[in-house]
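Residue strings, one per chain:
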Amino acid sequence: MTTIDLTAPMPRHYAGSEWLAANLTYEKKNAPSALGMRVADLLGELALGLYHLPKGALYSTNWSDTHHIEVSLENGYVTLCTVDSNFLTRLVFLAHDYGMRVEIRPRTFSHLTLMFWQRHLREGRTSERHPTAEQALAAHRARYPMPTEATA
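Residues numbered from 1 in each chain as written. Predicted model: local features only at pLDDT ≥ 70, side-chain atom pairs only at ≥ 80, totals over all residues. Heavy atoms only, no water.

(A) Quick peek at the environment of Gly44. One can find Gly44 in helix 2 (residues 34-46). The buried category is assigned to Gly44, whose relative accessible area is 0%. For the pair Gly44 and Ser85, spaced 41 residues apart in sequence, the C-alpha separation works out to 16 Å. (Helix = DSSP H or I, 4+ residues; strand = E, 2+ residues; numbered from the N terminus. Buried < 20%, exposed > 50% of the residue type's maximum accessible area, 1.4 Å probe, protein only.)

(B) The packing of helix 2 against helix 4 (residues 87-98), seen in detail. In the contact formed by helix 2 and helix 4, the axes pass within 10 Å of each other and the chain directions differ by 145°. Remark: the crossing between helix 2 and helix 4 carries right-handed chirality. Residues Arg38, Asp41, Leu42, Glu45 and Leu46 of helix 2 lie in contact with helix 4, whose contacting residues are Phe87, Arg90, Leu91, Leu94, Ala95 and Tyr98. A class-by-class count of the residues in the contact of helix 2 with helix 4 yields seven nonpolar, no polar and four charged. (Axes fitted to C-alpha atoms, helices over the stretch in contact; angles between N-to-C directions. Left-handed = near helix turned anticlockwise from the far one by under 90°. Contact = heavy atoms within 4.5 Å. Nonpolar A, V, L, I, M, F, W, Y, C, P; charged D, E, K, R; others polar.)

The following block contains the structure:
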C-alpha cells in the first residue's frame, strides 16, 4: 500500500505553520501538533496566507489536537463555490494533495466548521485512506464518463 509521506515538504506559496507558531505564543496557547501545523499550511494556501483567516477562527482553534482540527468560520468569510470564488475547488484539491479528510459542517446559523483528519494511506479501507486528486478523478470518470460534446 502507498503511504502518505507526512515529512515531505508540500509546495507552498503563502504563510502557514510558521506564521501560526510565531503568533500563537502571543496568545499563550499550546504549541501546535504536527497535524495542526499541516492544517495551518493547507489553510495558508487556501486563504492566500493564514493571516487572512478571521482572527477569531485562528485563536479559537485548538491547533494542538493530535486527532483532528476544527476551524469555525463565519458564513460571510467564505463562499463555497467551484469557479468564480473557487474556495471549494481549492479546498478539495489541497485536501487530496495533503492526504487529509475534510468535512464541512454547519455550526450555527452564521458559522460553519471545517474539520480535518490526517490520513496515512493512499489505498485501503475508506476510514484509513485518502486518494490523490488524480486517483479520485479516475474513479469518478469510471463511473461518470465525460459527456461527448455536440459539434457545430
